[in-house]
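# Analysis of the macromolecular model
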Amino acid sequence: LNNNTLAIENYTKSLAIDNKYIAAYYNRGNAYIKIAKEKLAIKDLSKALELDENFYQAYYNRGTVYKKLGKDDLAQKDLARAKTLAQEDLEQQEL
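Before going into details, it helps to say that this report is about the structure given with it.

Criteria and thresholds
Residues numbered from 1 in each chain as written. Predicted model: local features only at pLDDT ≥ 70, side-chain atom pairs only at ≥ 80, totals over all residues. Heavy atoms only, no water. Phe/Tyr/Trp six-rings, centres within 6.5 Å; stacked < 30°, edge-to-face > 60°. Helix = DSSP H or I, 4+ residues; strand = E, 2+ residues; numbered from the N terminus. Buried < 20%, exposed > 50% of the residue type's maximum accessible area, 1.4 Å probe, protein only. Core = buried A, V, L, I, M, F, W, Y, C linked by side-chain atoms within 4.5 Å.

We describe a pair of aromatic rings using the distance from one ring centre to the other and the angle between the two ring planes. Under the definition given, this model contains one aromatic pair. A ring pair is formed by Tyr 26 and Phe 55, whose centres lie 4.7 Å apart and whose planes are at 40 degrees; its orientation type is tilted. Of the two residues, Tyr 26 is situated in helix α2 (residues 22-34) and Phe 55 in the loop between α3 (38-51) and α4 (56-68); the sequence distance between them amounts to 29 residues. Assigned by exposure class, Tyr 26 and Phe 55 land together as buried.

Printed below as a string of structure tokens:
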């Protein structure tokens, strides 16, 4: 097993214990990206966003996957949302 496959297995085990573990969906989605399983990556990143609609990193990563798949309209939407949320987060940190 390579590191990404092992990570996917471990995140899957974590999600069996806690199916609302946002970081596990996000990280498993990223591992799927690294092994070119884009549909599974989109599914996990979407689940992370379902649980936290302000998770700009998940929007960014899902947007890059959509772009890779030639789904430019969805990519543009996600990347724009990621940028907006990241800017809002930065502004909140500056307060």
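Formed by Leu 15, Ala 24, Tyr 25, Tyr 26, Leu 45, Ala 48, Leu 49, Phe 55, Ala 58, Tyr 59, Ala 82 and Leu 85, the largest nonpolar core amounts to twelve residues. When contributions to this core are tallied by element, the ones reaching two or more residues are α2, α3, α4 and α5 (72-94).

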